[in-house]
Amino acid sequence: MSIADLADWLRCPHCGASLTDAAQLTLRCATGHAFDVNKRGYVNLVAANDRMTGDDAAMLDARDTFLGAGHFEPIRDALAAAVPAAAERIVDAGCGTGYYLAGVLASAGGGTKALAFDLSPEAVRRTVRATGASGLVADTWRPLPLRDGCADALLTVFAPRNLPEFHRILDADGRLIVVVPSGTHLHELRADGRALAVPADKAERLQEEAAPLFDLIGVERVAYTMGLDGSAIEQLLGMGPAAHHREVGVAGRDERVTASVDIVRLRRRVA
Ligand SMILES: C[S@@+](CC[C@H](N)C(=O)[O-])C[C@H]1O[C@@H](n2cnc3c(N)ncnc32)[C@H](O)[C@@H]1O
Ligand SMILES: [Zn+2]
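Per chain, residues are indexed from 1 in the order of the written sequence. Just so you know, chain letters begin at A and ligand numbers begin at 1, following the order they were written in. Selection of residues for local features in this predicted model requires a pLDDT of at least 70, selection of side-chain atom pairs for listing and counting requires 80 or more, and totals for whole chains, interfaces and linings are taken over all residues.

Undergrad: So what's going on with the packing of helix α3 (residues 73–82) against helix α4 (residues 99–106)? Which residues, and what values?
TA: Orientation is described by lines fitted to C-alpha atoms, with helices fitted over the stretch in contact, and by angles between N-to-C directions that extend from 0 to 180 degrees. By the criteria applied, helices consist of DSSP H or I runs no shorter than four residues and strands consist of E runs no shorter than two, each listed in order from the N terminus. Closest axis-to-axis distance for the α3/α4 pair is 9 Å, and the angle between their directions is 50°. Judged on the interaxial angle alone, α4 and α3 are oblique. Once α3 is placed against α4, the crossing between them reads as right-handed. On α4, the residues that touch Arg 76, Asp 77, Leu 79 and Ala 80 of α3 are Tyr 99, Tyr 100, Gly 103 and Val 104. The residue classification treats Ala, Val, Leu, Ile, Met, Phe, Trp, Tyr, Cys and Pro as nonpolar and Asp, Glu, Lys and Arg as charged. All others, Gly included, are polar. Among the residues forming the contact of α3 with α4, the class breakdown is 5 nonpolar, 1 polar and 2 charged. Note on angle classes: values under 35 degrees are labelled roughly parallel, values over 145 roughly antiparallel, values of 65 to 115 roughly perpendicular, and the remainder oblique. Helix crossings are classified by the rotation of the near helix relative to the far one: an anticlockwise turn of less than a right angle makes the crossing left-handed, while a clockwise turn makes it right-handed. Here the contact rule is simple: place C-beta atoms from the backbone, and any two residues whose C-beta atoms are within 7 Å are in contact.

Undergrad: Can you lay out helix α8 (residues 202–210) for me, pointing to particular residues and giving the numbers?
TA: Every buried residue belonging to α8 is among Ala 203, Leu 206 and Ala 210, and all of these are buried. All buried residues of α8 lie within an arc of 60° about the axis, which places them on one face of the element. Facing away from the buried side of α8, by more than 90 degrees, are the exposed residues Arg 205, Glu 208 and Glu 209. Looking at the buried residues of α8, the elements they touch are α6 (163–169), β9 (170–181), β10 (214–228) and β11 (255–268). Buried residues are those with 20 or more other C-beta atoms within 10 Å of their own C-beta, exposed residues have 12 or fewer, and partly exposed residues lie in between; C-beta atoms are placed from the backbone. In this description, one arc is meant: the one made by directions from the helix axis to the C-beta atoms.

Undergrad: Hey, could you go over the pairing of strand β6 (residues 113–118) for me, with residue numbers and the actual values?
TA: Two faces make up the sheet, and in a regular strand the side chains alternate between them. Counting buried positions along β6 gives 6 out of 6 residues, so the element sits mostly inside the fold. Bridge count for strand β5 (residues 89–93) against β6 is 5 bridges, and the pairing is parallel. Its bridge partner lying in β6, Arg 89 is registered against Lys 113. Between β5 and its parallel partner β6, the chain crosses via α4, and the hand of that crossover is right-handed. When DSSP locates at least two bridges between a pair of strands, those strands are taken to pair. In this structure, β6 lies alongside strand β7 (residues 134–137), joined through 4 bridges in parallel fashion. Each bridged residue has a counterpart across the sheet, and for Leu 115 the counterpart in β7 is Ser 134. The handedness rule is simple: strands pointing away from the viewer, and a clockwise path from the first strand over the helix to the second, make the crossover right-handed. For the segment spanning β6, helix α5 (residues 121–131) and β7, crossover handedness is right-handed.

Here it is in structure tokens:
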């Protein structure tokens, strides 16, 4: 990944003009706004007044360890299969540790370019290191500093969505691929309050919300049972939203836990 590759995805968060590589780890727009690129190869374009925060290092560590053990590999494989082979420019919104993007890129053509963004600078740093993608620290809830039509496919896995912005940054015929938990995902851990409840109809709600901007191509359910020991359950709880809510001292015994997600494939509709 070069700074010029990174700049190719980006527009100025102040004026919307394209950003270009101005050498010496700086991106600049024609109006003169300038941004430092981290020497590890990513840029932080979050507004100074943005108070949102992404996942912290402890959550990312838990996620890294849990995902590295392969418990969600069937989800990653199904996601990789859902990305069209023709997609040459892929954006991962809310990339986390980069686990899913790494899997997608491993099964994509060699010339595929990727931009990973997350609100957590530490997540972006890890993803850039793990995948070689261009990296951006940005807030999904704000207008994104990404150029119109810069992506052929946009992935978002267990992460926030901004459908009008996703529509804008996808090119004609671009694909939005969303992974959401189904109503039975981790239900054994939700039943006794160790994990937060999820609405049963997340995929349906997404389709309704997306309908003005995207056509549904299909929904694929990926469901299986995981055998998890006490430390894997600790990691699973530690990497999700429950990390902010749970009591310390969860069960230490082995358990069978359901993984069940929907992979929703949508096609950008021309406005
Ligand atoms: C549940 S994690 C999923 C991470 C990754 N996609 C995965 O499945 O391993 C949600 C991710 O979204 C990021 N995030 C939360 N709020 C965000 C926002 N407003 N804009 C961008 N990223 C955000 C978090 O930092 C975190 O990395
Ligand atoms: Zn500018």
